[in-house]
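# Examining the three-dimensional arrangement
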Amino acid sequence: MTSGLAVAVFGAYGHTGRFVVTRLRERGFVPVLSGRDADKLKALAYECGLEARPASVDDPAALDRALAGTSAVVNCAGPFATTAAPLIEAALRAGIPYVDVAAEIEANLDTFAHFGERARAAAAVIVPAMAFYGGLGDLLATAALGDWTAADEAHVAYGLSSWHPTAGTRAAGAVSRQRRDGRRVRYAGGRLEYRDDAAPTLQWSFPDPLGSRAVIGEFSMADVVTIPSHLAIPEVRTYMTVEAARDLAAPDTPGPAPADESGRSAQTFLVDVVVRASGRERRAVASGQDIYAVTAPLVVEAVERILTGRTRTVGVASAGEIFDAADFLRALSPAVSVDLRP
């Protein structure tokens, strides 16, 4: 049973963090609010009647106090290039699982590279990118692969009606671009490639109701880290509808605005995943509303499964490796509608 267990949420006052806090409470957990801004934490604690524990990532003692007595920590605070490593170190000291919602390719690579051996040796659980980008695509690709042991290629196409980025998304994107010197990245031939040329634009045939849409090809997201981390697929490509990519690129696109009582925006999404092997094809499709809000059921389901022992490995692991992908996806209903197609 997980009811009443305390879970620390770092960056609890952020846009995604608030959704995570709400979802944790709905599932019977007791969120412990943490983050770098003491004033925002105090305001959120007053609003929802929860304990606030301010902490800075450059203060290990404060992080230890923030995690004291908790059963897990969820990191919702980017840029994750700055926050992930200190929070993981604190989680290892506390002996609790760590889960984050990082969409930063480089930060996720760092987590696998720097903490893989230590986490396995300690039988610790560290799950990066347990979010809309990285986690959902990995679960869909793993479920689509099914009983195949390998595939020639995986394609993850994002059909977003729009993309109103949060301040955190913009900040994380700026850090990623700086770390890769403005180049774009793709996963091909079994490795990451950094390229200076422009990404191609092409048509992608989404399932109804989207149909054929113009997409930015090789619009690489965290899936190019999570999927190859455990699946034998040498080509992993991700795509983004042109309209959403333009929203993200425009400096004056406003942030997400609530459109219902839960705080979700009116944005809708359809994620179309295709895996191919030796001329055969399998597909998995997920759809829903608000990519930031849907991260909450993803990350909270992950926390509950970790704390109840419904995992397949230890160490640093992506969603598709550590969980039963098809069962996990079914558990996301009604927040996410999933169709696994042969």
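Our structure is the block above this text.
Residues numbered from 1 in each chain as written. Predicted model: local features only at pLDDT ≥ 70, side-chain atom pairs only at ≥ 80, totals over all residues. Heavy atoms only, no water.

## Notes on the overall build of the chain
- In terms of regular secondary structure, the chain is built from twelve helices and 16 strands.
- Relative to the 2.2 N^0.38 estimate, which gives 20 Å for 342 residues, the radius of gyration of the chain is 19 Å and therefore close to what a compact globule would have.
- With the C-alpha coordinates of the chain rotated into their principal frame, the extents come out at 55 × 45 × 40 Å.
- Split into buried and exposed, the 342 residues of the chain put 54% on the buried side.
- Looking at the chain alone, contacts between residues at least 24 apart form 70% of all its contacts between residues at least 6 apart.
- As presented, the chain carries roughly 13900 Å² of accessible surface, and 50% of it is formed by carbon and sulfur atoms.
- Where the 34 positive side-chain charges of the chain centre and where its 40 negative ones centre are 1 Å apart. (Helix = DSSP H or I, 4+ residues; strand = E, 2+ residues; numbered from the N terminus. Rg over C-alpha atoms; globule rule 2.2 N^0.38 Å. Buried < 20%, exposed > 50% of the residue type's maximum accessible area, 1.4 Å probe, protein only. Contact = heavy atoms within 4.5 Å. Areas by Shrake-Rupley, 256 points an atom, 1.4 Å probe, with all protein chains shown as cover. Lys, Arg positive; Asp, Glu negative; His and termini not counted. Charge placed at Lys NZ, Arg CZ, Asp CG, Glu CD.)

## Quick word on the layout of surface pockets
- Computed from the structure, the largest pocket encloses a volume of approximately 1300 Å³.
- If you go around the largest pocket, you meet 49 residues; those closest to its centre are Gly-168, Thr-169, Arg-170, Ala-172 and Gly-173.
- At nine residues, the largest contribution of residues to the lining of the largest pocket is made by helix H7 (residues 167-179).
- As for the second largest pocket, its lining consists of 25 residues, and the residues nearest its centre are Phe-19, Thr-22, Ser-262, Arg-264 and Ala-293.
- The set of elements that each furnish at least two residues to the lining of the second largest pocket consists of helix H1 (15-26), helix H2 (38-48), strand E14 (280-289) and helix H10 (295-307). (1 Å grid on protein atoms, 1.4 Å probe; cavity = no way out; pocket = protein on both sides within 12 Å on 5 of 7 lines; lining within 4 Å. Points joined across faces, edges and corners; volume = space filled by probe spheres on them.)

## A few points about the packing of aromatic side chains
- In the structure shown here, the tally under the stated rule is seven aromatic pairs.
- On the numbers, 5.5 Å between centres and 50° between planes, the contact of Phe-132 with Tyr-158 is tilted. With Phe-132 in helix H6 (residues 132-145) and Tyr-158 in strand E7 (residues 153-160), this residue pair connects regions lying 26 residues apart in the sequence. For the residue pair Phe-132 and Tyr-158, the accessibility class agrees, reading buried in each case.
- Aromatic rings pair up to connect Phe-132, Tyr-133, Tyr-158, Trp-163 and Phe-269 into one cluster. (Phe/Tyr/Trp six-rings, centres within 6.5 Å; stacked < 30°, edge-to-face > 60°.)

## Description of the environment of Ala-266
- If you trace the backbone, Ala-266 turns up in the loop between helix H9 (242-249) and strand E13 (268-277).
- On the basis of relative accessibility, which here comes to 59%, the residue Ala-266 falls in the exposed class.
- On a C-alpha basis, the gap between Ala-266 and Asp-290 in space is 6.7 Å, while along the polypeptide they are 24 residues apart.
- Dropping the residues within four chain positions of it, Ala-266 is found in contact with Ala-257, Ala-259 and Gln-289.

## Describing the pairing of E14
- In terms of strand pairing, E13 meets E14 through ten bridges, oriented antiparallel. Its bridge partner being in E14, Thr-268 is matched across the sheet by Gln-289.
- Hairpin geometry of E13 and E14 is characterised by an intervening segment of two residues between the two adjacent antiparallel strands and by a positive phi of about 50° at Ser-278.
- Relative to strand E16 (residues 336-341), E14 runs antiparallel, the two being bridged by six bridges. When the sheet's bridge partners are listed, Val-285 is paired in E16 with Asp-339. (Pairing = 2+ DSSP bridges.)

## Overview of the nonpolar core
- Formed by 109 residues in total, the largest nonpolar core has its most connected members in Met-130, Phe-132, Leu-160 and Trp-163.
- Broken down by element, this core gets its largest block of residues, nine residues, from H6.
- With near-sequence residues (within four places) excluded, Met-130 lies in contact with Val-99, Asp-100, Val-101, Gly-135, Leu-139, Thr-295, Leu-298, Val-299, Ala-302, Ala-319, Phe-323 and Phe-328.
- Phe-206, Val-215, Tyr-239 and Val-274 belong to the second-largest nonpolar core, a separate cluster that totals eight residues. (Core = buried A, V, L, I, M, F, W, Y, C linked by side-chain atoms within 4.5 Å.)

## Some thoughts on the sheet that holds strand E6 (residues 125-127)
- The strand order across the open sheet formed by seven strands is E3-E2-E1-E4-E5-E6-E15, and the pairing between neighbours is parallel. The strands lining the two open edges of the sheet, one partner per strand, are strand E3 (52-54) and strand E15 (315-316).
- Of the strand pairs in this sheet, strand E2 (residues 30-35) and E3 are connected by three bridges, and their pairing is parallel. From the neighbouring strand, Ser-34 faces E3, where its bridge partner is Arg-53.
- Of the strands in this sheet, strand E1 (6-10), E2 and strand E4 (72-75) are in contact with H1, which crosses E1 at around 170°.
- Each of E1, E2, E3 and E4 touches helix H3 (residues 60-67); the most contacted strand, E3, lies at about 165° to it. (Axes fitted to C-alpha atoms, helices over the stretch in contact; angles between N-to-C directions.)

## Regarding the side chain of Arg-305
- Turning to its location among the elements, Arg-305 is positioned in helix H10.
- Apart from the residues lying within four places of it in its own chain, the contact partners of Arg-305 are Arg-310, Thr-311, Phe-323, Asp-324, Asp-327, Phe-328 and Ala-331.

## Points about the environment of Thr-238
- You can see Thr-238 is positioned in strand E12 (residues 235-241).
- Owing to a relative accessible area of 0%, Thr-238 belongs among the buried residues under this scheme.
- Between the C-alpha atom of Thr-238 and that of Asp-181, which follows or precedes it by 57 residues, the distance is 20 Å.
- Residue contacts for Thr-238: discarding those within four places in its chain leaves Val-156, Ile-216, Gly-217, Glu-218, Phe-219, Ser-220, Met-221, Asp-223 and Val-224.
- A polar contact of 2.6 Å, which involves the side chain of Thr-238, links it to the backbone oxygen of Phe-219.
- Here Met-221 takes part through its backbone nitrogen, which lies 3.4 Å from a polar atom of the side chain of Thr-238. (Polar contact = N/O pair within 3.5 Å; in protein donor to acceptor, adjacent residues only side chain to side chain.)

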